[in-house]
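# Close look at the chain arrangement
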Protein chains: 2
Amino acid sequence: MYTNRIENIINQIGINECSSSADSLNLNSPIGEVNVAKLKLAIDSPEAVEYKDVARKFIRDNPALFPREHYMGFDWAGQREHVLKQAKSIATNGVVRFADVSKNPTRIVNVIEIFSLYSNNVSTKLGVHYSLFGGTVQYLGTARHQKYMADADRLDILGSFSMTEIGHGSNVRGLETTATYDKQTKEFVINSPTPSSQKFWIGGAGLHGHFTTVFARLINDGKDHGIHAFVVPIRDRATHKVFDGITIKDCGHKMGLNGVDNGQLRFEHVRIPRENLLNKYSDVTEDGVYSSKLSTPIKNFAATMAPFILGRVLIVKGASGASKTCLSIAIRYSFVRKQFGPSLDNEQVLMTLSSQKRRLMVPLANTVIYDIYLHKIIQQLASGKPPASIHAHASGIKAIFSWDAVAAMQTCREACGGQGYRTANLISEFKADCDIICTYEGDNTVLMQQVAKYVLGLKSSDAPLKPFTLDGPAQQLYNLNNLLALFEAREALLASQVKAMIKNSKEKDAYYAFNAIIPFAVKLGHAHMQKEILSELIQFNNKQAVNPIPHLTLLYTLGKIEEDLGYLVSNGLLSPKLAQQLPTIILDLCDQVSKVSKQILESFDIPQNCLPIENLVEDLY
Amino acid sequence: MYTNRIENIINQIGINECSSSADSLNLNSPIGEVNVAKLKLAIDSPEAVEYKDVARKFIRDNPALFPREHYMGFDWAGQREHVLKQAKSIATNGVVRFADVSKNPTRIVNVIEIFSLYSNNVSTKLGVHYSLFGGTVQYLGTARHQKYMADADRLDILGSFSMTEIGHGSNVRGLETTATYDKQTKEFVINSPTPSSQKFWIGGAGLHGHFTTVFARLINDGKDHGIHAFVVPIRDRATHKVFDGITIKDCGHKMGLNGVDNGQLRFEHVRIPRENLLNKYSDVTEDGVYSSKLSTPIKNFAATMAPFILGRVLIVKGASGASKTCLSIAIRYSFVRKQFGPSLDNEQVLMTLSSQKRRLMVPLANTVIYDIYLHKIIQQLASGKPPASIHAHASGIKAIFSWDAVAAMQTCREACGGQGYRTANLISEFKADCDIICTYEGDNTVLMQQVAKYVLGLKSSDAPLKPFTLDGPAQQLYNLNNLLALFEAREALLASQVKAMIKNSKEKDAYYAFNAIIPFAVKLGHAHMQKEILSELIQFNNKQAVNPIPHLTLLYTLGKIEEDLGYLVSNGLLSPKLAQQLPTIILDLCDQVSKVSKQILESFDIPQNCLPIENLVEDLY
């Protein structure tokens, strides 16, 4: 089983040691000099760097709006008011625009990342208004909905997004809220028929919102046409009073993001004009005739979901910003905090410990790599004609980046010992704020199943399996093309295994057959995303070898291989000998990366007011 | 390398398929009927069940003291007062006693677990006073320190424990605080010579404490004798005023445990009577002669550290209680919350999803298994003559249980979706409170290195390696003795590899040589603890097969094997074929355990006022 098949691999994937530029990067050599400006440009992306720098400057120029103490000086109500103030100031200064959602996604997505270097509270407050409210209005609406644009742009009106109900979250198709057309008055009647149909977690609706886009079952002439979106005014702009028939309660205190006002909304036969239906795909005429450009309610539903691609990219940028700041905090602390040493009078900083390098450098690499992969998704979004794969890949990167980010922040917290536990040192705040990303806008486990279903639906997943084993000298593990071949072989093998499991299931119903093997589907989702990311990064590195990105690509990849080592070796995809050498190679690579980690942090260009004081304890003296 | 050597294994470990009772449990068969009362007795332990039931009854009988809303109705100051009130009430009602620390560790440790079903705030408040202050006074003091007992028992005086400094946490030997003997006045002078020498994180000292045990370098006649412990009064009992020369600041807001008043203490030449030295091992005579029963400062230091075994067991019980409540919340919710299904009108509860079973059942098994392993450590403590291994094993179980508990609580939070993020549903509170366990009373990474050093110091680690591969039919994985042999082989192999790495290190200094391979040492620590736990559980199951503990033992063990599958397979300890079958076996086992999971939760016997409402959303309707 474990025969030496290196020639085999080379033949299969058509590489040899010198043919490709990724090879010529020679990753089994020290990291060369790091040019921080070049690295910053590469990580920010040439398309986005100017927008990002405007946002950075805005944070730096407004220390009163973005104090180093973050929200610690405020009580709960005060925090919400301050977050609103931050969002309004960003909007009125034009750092981001309402129209960006449809016309310039590159700007909004990247600006959000920069504000999330400061806090996910402000980026979420902005994201809900611009991408969720703005996204539904701009992607699902038509000319008749343009009237909201100008006021929404300046945050003179604030929008929210009412999809989730108490009874239904990720399973959107199960929503209960109804929008019944009344031919007599030419209105839709929005109603919450049951306690569980109340809209819940509606960000921005608890206190500040004026409008919300409600997702409800469109009922016309007794027929249920499935989920459609409607603009519903909820508060009077002048008096800020909630309109009759609508009950809004606060969702209460949360693990994090307490600067965002989540509300619970109940509609009791609330009437809105017919025109408030966002009618890009489907409409009801004045005299009550329903029509849809799409052939089935399922297709209509799918079209209605399209704006969420932007939303998912946006929230994962929240994970990116938070990770960068937390990694900065933990790594900087590790370079100043002394603990243990060869003797009591010769204590060494934490970063000299191999364990500290091992636990901090891999998340640092992951953060950079995910960011660069996101450039591609954002380019696809901005092109206006994204490929079909974008659904799966935006879902996938949202899930894996948020999971890894939450784990990274936990690592940062522990890596700082007790100081990581102090609120003043901010890591716990970032972690608590970001935690929700794992389950909102699609629970990660559900999203990974979507990725798996996408892979299983690809024609390539039916191709016969080719024999594959990565074997040979340790040098093989330094070649990114080899590792890509390994990831391709894993994806193919897993897809065939998952298909076989479903086919051979004792469950007859397709739902139950899939249901019984979800962990394997999630694993397939990971395998696919890791392959996609590595493939994109190889292309990126081939175009421009910016130190230390090739080495970070390698560290990311080897880290992921180690996480799945059992599967890879027991299924014969990686030789035991190479597997045995992996931990040492990773540790060496972490050591190398740690030596340039300060420059990597510099390239993040994090405004100082995002960060606590450098050594985390100075305020105590 | 992967030859079929099952006969070999059987010969080596002297088992055959029928000889041992663990075999005869036949774990490749469905879980038999679960008797909740028997299960409760087994998990609580016969030695502790009565103490635990007293504590449970105390919580149930005092709903005003332990409201279902926990601390949500209180502001920060109010929370601290309420926690103090809870602790005092527990003390004055005799649920736990100050003398328990030395005379009845079984009671204090188990009572703490029950209160941590409610909150780690109250268990930590009690633990600091009883085990840290009480532990140092009782373990390190002598007859002359008995005077504190009666008042401390009723919490009329409150004690704290001043070890950590701003500049030194886990590296206790680096502490800077001095205690200089003044022969003239027969006093010790306690001093904080530098800003970094200020005591920090001193639980119970911020607001409420009257006494603290200070760890300081004993200086006598110009000579530094290393770290010793001293009782220092910090506040007047009558006026509650802080004594002259002592400055106490609050440590500020934290990620969790905000009901515990952590303080920062600075001593400026504070004089205490000579008798306040806790002099069990070392003393200074009135006329200034230092003597020690121990030959070197290092040994004195080690003796001074002894009370922390109890402390570590105690805080890991905090992780146990919190895990049990969080698992209860998430599993109960998974049995009522519907989401997805074969059709929209046939939605199924979350617990029908294989992914939900997979992520919740393994942590449930781990929690039960760790608890039962802890019985052994507690019996050793209670025996008064614990074996030398107890240092390493108490450190090890503290580290692995707290890491797994924090991960389990994260899983519980995500498994409940958005409802897991609502403060009212308590998971986030438990998680935040428990997080500190990973780094306090010995950072987990440091503790795991201690375990590794213990293993490397065992004579058995020098024995020549025996060839070992677990191979054969899937049935092999259902046999706990086989798995124990696998764990033994892994430990031996890892120990030899770590030794070789250190020996062959390019670093000449022993500190740096070890430093370079910490992640491997931590891995060895895990391997050793897993072997110890499985070994203890096999003995436990052989004595009494209480359903479903044998199956939980298997699930715990297979889960740990899966976490380390890459190492096991690539080093030839487990055959690729068995490894391939592992995920399916684990999933099947999770399915089986999920069917009795409600009974397991029942056996935890968690008072209702520890828990939020059952379906987590009822309060919203």
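Remember, predicted model here, so these are calculated numbers, not experimental data. (Residues numbered from 1 in each chain as written. Chains lettered and ligands numbered in written order. Predicted model: local features only at pLDDT ≥ 70, side-chain atom pairs only at ≥ 80, totals over all residues. Heavy atoms only, no water.)

Here chain A sits on chain B after a turn of 180 degrees about the axis and a move of 0.0 Å along it, with an RMSD of 0.0 Å. When the rotation and shift are considered jointly, the pair of chain copies conforms to a two-fold rotation axis. No C-alpha of chain A approaches the rotation axis more nearly than that of glycine 566 of chain A, which lies at 1.8 Å. Mapped onto chain B, 100% of the interface residues of chain A are again interface residues, and the two copies thus contact each other with one and the same surface. (Least-squares fit on C-alpha atoms with pLDDT ≥ 70 in both. Contact = heavy atoms within 4.5 Å.)

Attention now goes to the pairing of strand 5 (residues 211-220) of chain A. Consecutive side chains of a regular strand alternate in pointing toward one face of the sheet and then the other. All names here are of chain A. Burial analysis of strand 5 places 10 of its 10 residues in the buried class, which makes it a mostly covered element. Sheet topology places strand 1 (residues 159-162) next to strand 5; four bridges connect them, and they run parallel. Bridge assignment links phenylalanine 161 to a residue of strand 5, and that residue is threonine 213. With three bridges joining them, strand 2 (residues 178-182) and strand 5 adopt parallel strand pairing. (Buried < 20%, exposed > 50% of the residue type's maximum accessible area, 1.4 Å probe, protein only. Helix = DSSP H or I, 4+ residues; strand = E, 2+ residues; numbered from the N terminus. Pairing = 2+ DSSP bridges.)

The next thing to look at is the interface of chain A and chain B. Opposite the 86 residues of chain A that make contact, chain B presents 86 residues. By the criterion of area lost to chain B, the three top residues of chain A are Met255, Tyr421 and Tyr511 of chain A, representing 11% of everything that side buries. At the junction of chain A with chain B, the criterion picks out two salt bridges. With its nearest N and O atoms 2.6 Å apart, the salt bridge here joins arginine 413 of chain B to aspartate 435 of chain A. Here chain A is connected to chain B by 42 residue pairs in polar contact (both at pLDDT 80 or more). Top contributing element to the side of chain A that touches chain B by residue count: helix 21 (residues 576-595) of chain A, with six residues. Class assignment for the residues of the side of chain A that touches chain B results in 37 nonpolar, 32 polar and 17 charged. (Buried area = accessible area lost by both parts, 1.4 Å probe. Salt bridge = Lys/Arg side-chain N within 4 Å of Asp/Glu carboxyl O. Polar contact = N/O pair within 3.5 Å; in protein donor to acceptor, adjacent residues only side chain to side chain. Nonpolar A, V, L, I, M, F, W, Y, C, P; charged D, E, K, R; others polar.)

Moving on, we come to the sheet that holds strand 4 (residues 199-203) of chain B. Residue and element names in this part refer to chain B. Within the open sheet, the three strands sit side by side as 4-8-7. Their pairing is antiparallel. Looking at strand neighbours, the two that pair on one side only are strand 4 and strand 7 (246-250), the edges of this open sheet. Put simply, the sheet's adjacent strands are angled 35 degrees from each other on average, direction ignored. Two elements, strand 4 and strand 8 (residues 262-267), share three bridges in a ladder whose sense is antiparallel. Following the sheet pairing, isoleucine 202 is matched in strand 8 by glycine 263. (Axes fitted to C-alpha atoms, helices over the stretch in contact; angles between N-to-C directions.)

Our focus in this paragraph is the packing of aromatic side chains. Counted under the stated rule, the structure contains 36 aromatic pairs over all chains. Considering the side-chain rings of phenylalanine 98 of chain B and phenylalanine 133 of chain B, the 6.1 Å spacing of their centres and the 45 degrees angle between planes classify their relative orientation as tilted. Separated by 35 residues along the polypeptide, phenylalanine 98 of chain B in the loop between helix 5 (76-92) and helix 6 (100-103) and phenylalanine 133 of chain B in helix 8 (residues 120-140) bring together distant segments of the chain. Here phenylalanine 98 of chain B and phenylalanine 133 of chain B have matching classes, each one buried. Over the face of the ring belonging to phenylalanine 604 of chain A we find lysine 324 of chain A, whose NZ or CZ atom lies 5.2 Å from the ring centre. (Phe/Tyr/Trp six-rings, centres within 6.5 Å; stacked < 30°, edge-to-face > 60°. Lys NZ or Arg CZ within 6 Å of the ring centre and 35° of its normal.)

Right, let's get into the sheet that holds strand 7 (residues 246-250) of chain A. All names here are of chain A. Read from one edge to the other, the open sheet built from three strands follows the order 4-8-7, with strand pairing classed as antiparallel. With partners counted over all chains shown, the strands left at the sheet margins are strand 4 (199-203) and strand 7, one partner each. Strand-to-strand, the axes of this sheet are offset by a mean angle of 35 degrees, without reference to chain direction.

Quick look at the domain arrangement of chain A now. All names here are of chain A. Split into domains, chain A comes out as domain 1 (6-37 + 308-610) and domain 2 (158-296). Distance from the C-alpha centre of domain 1 to the C-alpha centre of domain 2: 38 Å. The partner domain 2 presents seven residues to the nine residues of domain 1 that form the contact. Here domain 1 packs against domain 2, burying approximately 560 Å² in sum over the two surfaces, 71% of which is carbon and sulfur. Three residues, Phe308, Ala432 and Asp433, lead the burial of domain 1 against domain 2; their summed loss comes to 62% of the area buried on that side. (Domains from an automatic or database assignment.)

Take helix 3 (residues 36-44) of chain A next. Residues and elements named next belong to chain A. Those residues of helix 3 not exposed but buried are Leu39, Lys40, Ala42, Ile43 and Asp44. Where helix 3 begins, the capping side chain belongs to asparagine 35, and its oxygen is found 3.1 Å from the backbone nitrogen of alanine 37. Residue serine 45 follows helix 3 closely and has a positive phi angle near 85 degrees.

Glancing now at the UniProt feature "binding site: FAD" (unreviewed entry) in chain A. Residue and element names in this part refer to chain A. UniProt marks Thr164 and Gly203 with the feature "binding site: FAD" (unreviewed entry), using the numbering shown here. A stretch of 40 residues holds the annotated residues, and the largest C-alpha distance among them is 10.5 Å, short enough that they meet in one place. Position of threonine 164 relative to the elements: it lies in the loop between strand 1 and strand 2. With sequence-adjacent residues up to four places away left out, threonine 164 is seen in contact with Gly169, Gln198, Lys199, Phe200, Trp201 and Ile202. (UniProt positions renumbered as here; feature names shortened; annotations may be inferred.)

It is worth spelling out helix 19 (residues 549-563) of chain A at this point. Here helix 19 of chain A contains 15 residues, and its C-alpha end-to-end distance of 21 Å stays within 8% of the 21 Å for a straight helix at 1.5 Å per residue. With 13 of 15 residues buried, helix 19 of chain A lies mostly within the body of the structure. (Expected span 1.5 Å × (residues − 1).)

On to the pattern of salt bridges. Counted by the stated rule, this structure contains 86 salt bridges over all chains. Two residues, glutamate 113 of chain A and lysine 317 of chain A, come together in a salt bridge whose shortest N-O distance is 2.7 Å. With glutamate 113 of chain A in helix 7 (residues 105-118) and lysine 317 of chain A in helix 11 (residues 308-336), the pair connects residues that are 204 residues apart, well separated along the chain. The closest approach of N and O atoms between lysine 560 of chain B and aspartate 404 of chain B, which form a salt bridge, is 2.7 Å. Pair noted here: lysine 560 of chain B is in helix 19 (residues 549-563) and aspartate 404 of chain B is in helix 13 (residues 390-415), with a separation of 156 residues, a long-range link. The exposure class assigned to aspartate 404 of chain B is partly exposed, which follows from its relative accessible area of 22%. The network of salt bridges with shared partners includes Lys40, Asp44, Lys52, Asp53, Arg56, Arg60, Glu113, Lys317, Lys324, Asp371 and Asp605 of chain A.

Relative to the helices and strands, histidine 391 of chain B is located in helix 13. In sequence terms histidine 391 of chain B and leucine 465 of chain B are 74 residues apart; their C-alpha atoms lie 26 Å from each other.

To continue, consider the pairing of strand 6 (residues 223-233) of chain A. Residues and elements named next belong to chain A. Extensive coverage of strand 6 is indicated by the burial of eight of its 11 residues. For strand 5 and strand 6, the ladder comprises nine bridges, and the chain directions are antiparallel. Bridge pairing links valine 214 to phenylalanine 230 in strand 6. Between strand 5 and the antiparallel strand that follows it, strand 6, lie two residues; aspartate 221 among them carries a positive phi value of about 55 degrees.

Between asparagine 547 of chain A and proline 548 of chain A the backbone carries a cis peptide bond, its omega angle lying at -5 degrees. The residue proline 548 of chain A is located in the loop between helix 18 (518-543) and helix 19 in this model.

This paragraph deals with the environment of threonine 194 of chain B. Within the element layout of this structure, threonine 194 of chain B appears in the loop between strand 3 (187-191) and strand 4. Sequence separation of threonine 194 of chain B and glutamate 176 of chain B is 18 residues, and the distance between their C-alpha atoms is 7.8 Å.

Further remarks concern the packing of helix 5 of chain B against helix 8 of chain B. Residues and elements named next belong to chain B. At a minimum axis distance of 9 Å, the contact between helix 5 and helix 8 shows a crossing angle of 60 degrees. By the angle between their directions, the pair helix 5 and helix 8 is classed as oblique. Read as a crossing pair, helix 5 and helix 8 show a hand that is right-handed. Every residue of helix 8 that contacts helix 5 at Gln79, Val83, Leu84, Gln86, Ala87, Ile90 and Ala91 is listed here: Asn121, Val122, Lys125, Leu126 and Tyr130. A breakdown of the residues in the contact of helix 5 with helix 8 according to their chemical character gives eight nonpolar, three polar and one charged. (Parallel < 35°, antiparallel > 145°, perpendicular 65-115°, else oblique. Left-handed = near helix turned anticlockwise from the far one by under 90°.)

To continue, consider the UniProt feature "domain: Acyl-CoA oxidase C-alpha1" (unreviewed entry) in chain A. Here the UniProt-annotated "domain: Acyl-CoA oxidase C-alpha1" (unreviewed entry) positions come out as residues 309-456 of chain A. Between the C-alpha atoms that bound residues 309-456 of chain A there is a distance of 21 Å. The span itself is 70% helix and 0% strand.

Looking now at the packing of helix 13 of chain B against helix 18 (residues 518-543) of chain B. Residue and element names in this part refer to chain B. Taken N-terminus to C-terminus, the directions of helix 13 and helix 18 make an angle of 100 degrees; their axes are 10 Å apart at the nearest point. The angle between the axes of helix 13 and helix 18 places the two elements in the roughly perpendicular class. Together, Ala392, His393, Gly396, Ile397, Ile400 and Trp403 of helix 13 and His526, His528, Met529, Glu532 and Ile533 of helix 18 make up the contact between the two elements. By residue class, the composition of the contact of helix 13 with helix 18 is six nonpolar, four polar and one charged.

Our next topic: the state of the cysteines. The term disulfide refers to a covalent linkage connecting the sulfur atoms of a pair of cysteines. All names here are of chain B. In this structure the tally under the stated criterion is zero disulfides over all chains. Distance from the sulfur of cysteine 326, which forms no disulfide, to the nearest cysteine sulfur (cysteine 412) is 5.6 Å. Owing to a relative accessible area of 0%, cysteine 326 belongs among the buried residues under this scheme. Free cysteine: cysteine 610, not disulfide-bonded; nearest cysteine sulfur from cysteine 326 at 11 Å. (Disulfide = S-S within 2.5 Å.)

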